[in-house]
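Understanding the architecture of this molecule
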Amino acid sequence: MRLLSVVFIAGLIWLVGLFAFAHRVRELTPAEDPARADAIVALTGPSSERVNAAIRLLEQGKGERVLISGVNREVRRRELRELTPGSSRLFNCCVDLGFEAEDTVGNAQEIAAWARSKGYRSLIVVTSDYHMPRSLVEIRGQAPGVKLTPYAVSTPSLDNARWWRAAVTARRMTLEYMKYLAVLGREGVRRLTREPPAAATPVPAAEEKAPA
């Protein structure tokens, strides 16, 4: 009986946490106009809107450079440029491409290495709303001391307050919540044991930044 009570309470806490997480995600958009930072980073994803949002912020003078992290190795710079808004001059002078990251951990390592190489102490982070909480935890773990300002891109399917009624949105929110909890747990253990973060991904090479 006691075990059942413990399981019930744990399940209730988990469920409350899920809805609190979903509320936080929905509160991230529409994103507020961010204060200027040293630079802007965009984590690639299922749509081009993350990259487009980062380029718009660059055009508005919100940072001096943009890093697009997690670019597919098969994508050439010219091809990516054609898919993004704004001037070619700005894209060619002030946008770096990172090809090493394959997941959010890799994004964080790539971003941290890039920020260190440039001496940046503040970043605007651009990614999808549901992906933002986990991304911030990962980047903070790799780049402690760097100020992070979230700029979330809305996911239309998650705008509905009753996201839990549709299987697709319920699955996405729940899966992201579980990943977020896992990252929080891992980072908490690492801080307690004072384990250093994993080796950072190499900084995007010069030839990767040159026009194709």
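Located above this text is the structure these notes cover.
Let us look at the structure shown here. No experiment lies behind these values; they were computed from the predicted model shown. (Residues numbered from 1 in each chain as written. Predicted model: local features only at pLDDT ≥ 70, side-chain atom pairs only at ≥ 80, totals over all residues. Heavy atoms only, no water.)

**Here's the deal with the sheet that holds strand β2 (residues 66–69)**
The parallel open sheet is built from five strands, whose spatial order is β3-β2-β1-β4-β5. Strands with a single pairing partner mark the edges of an open sheet, and in this sheet they are β3 (95–98) and β5 (147–153). Pairs of neighbouring strands in the sheet enclose a mean axial angle of 20 degrees, with direction left out of account. One ladder, built from seven bridges, connects strand β4 (residues 122–128) with β5; its direction is parallel. (Pairing = 2+ DSSP bridges. Helix = DSSP H or I, 4+ residues; strand = E, 2+ residues; numbered from the N terminus. Axes fitted to C-alpha atoms, helices over the stretch in contact; angles between N-to-C directions.)

**Details of the nonpolar core**
Counting residues in each nonpolar core, the largest one holds 22 residues, and the members touching the most others are Ile40, Leu58, Val66, Ile68, Val95, Leu97 and Val126. Of all elements in the fold, only β1 (39–43), α2 (49–59), β2, α4 (88–94), β3 and β4 reach the threshold of two or more residues within this core. Among the elements that take part in this core, α2 stands out by supplying six residues, more than any other. Ala39, Val41, Trp114 and Ala152 belong to the second largest nonpolar core, which has 19 residues in total. (Core = buried A, V, L, I, M, F, W, Y, C linked by side-chain atoms within 4.5 Å. Buried < 20%, exposed > 50% of the residue type's maximum accessible area, 1.4 Å probe, protein only.)

**Concerning a nonpolar patch on the surface**
On the surface, a nonpolar cluster with roughly 600 Å² of combined accessible area is contributed by Trp14, Leu15, Phe19, Trp164, Met178, Leu181 and Leu184. Only α1 (2–27) and α7 (167–193) provide two or more residues apiece to the nonpolar patch. Here Leu15 lies in helix α1. Look at Leu15 and you get partly exposed, because its relative accessible area is 39%. (Patch = residues over 30% accessible without salt bridge, like charges linked within 9 Å, V, L, I, M, F, W, Y side chains within 5 Å. Areas by Shrake-Rupley, 256 points an atom, 1.4 Å probe, with all protein chains shown as cover. Salt bridge = Lys/Arg side-chain N within 4 Å of Asp/Glu carboxyl O.)

**Structural notes on the layout of surface pockets**
In this structure, the largest pocket encloses a volume near 210 Å³. If you go around the largest pocket, the residues you meet are Thr44, Gly45, Ser47, Ser48, Val51, Val71, Asn72, Val75, Glu79, Leu80 and Leu83. (1 Å grid on protein atoms, 1.4 Å probe; cavity = no way out; pocket = protein on both sides within 12 Å on 5 of 7 lines; lining within 4 Å. Points joined across faces, edges and corners; volume = space filled by probe spheres on them.)

**Notes on the side chain of Glu176**
In this fold, Glu176 is placed in helix α7. One polar contact links Glu176 to Arg134, side chain to side chain, over a distance of 2.7 Å. Setting aside residues up to four positions removed in sequence, Glu176 forms contacts with Phe21, Tyr130, His131 and Arg134. (Polar contact = N/O pair within 3.5 Å; in protein donor to acceptor, adjacent residues only side chain to side chain. Contact = heavy atoms within 4.5 Å.)

**Details of the environment of Val137**
When you line up the elements, Val137 lands in helix α6 (residues 132–142). Judged by relative accessible area, which is 15%, Val137 ranks as buried. Val137 sits 46 residues away from Val183 along the chain, and the two C-alpha atoms are 7.3 Å apart. Apart from residues lying up to four places away in sequence, Val137 is in contact with Tyr180, Val183, Leu184 and Glu187.

**A closer look at the pairing of β4**
Within β4, seven of the seven residues are buried, which leaves it mostly tucked inside the rest of the structure. Sheet topology note: the β1/β4 ladder contains four bridges and is parallel. Residue pairing for β4: Ala42 is matched across the bridge by Val126.

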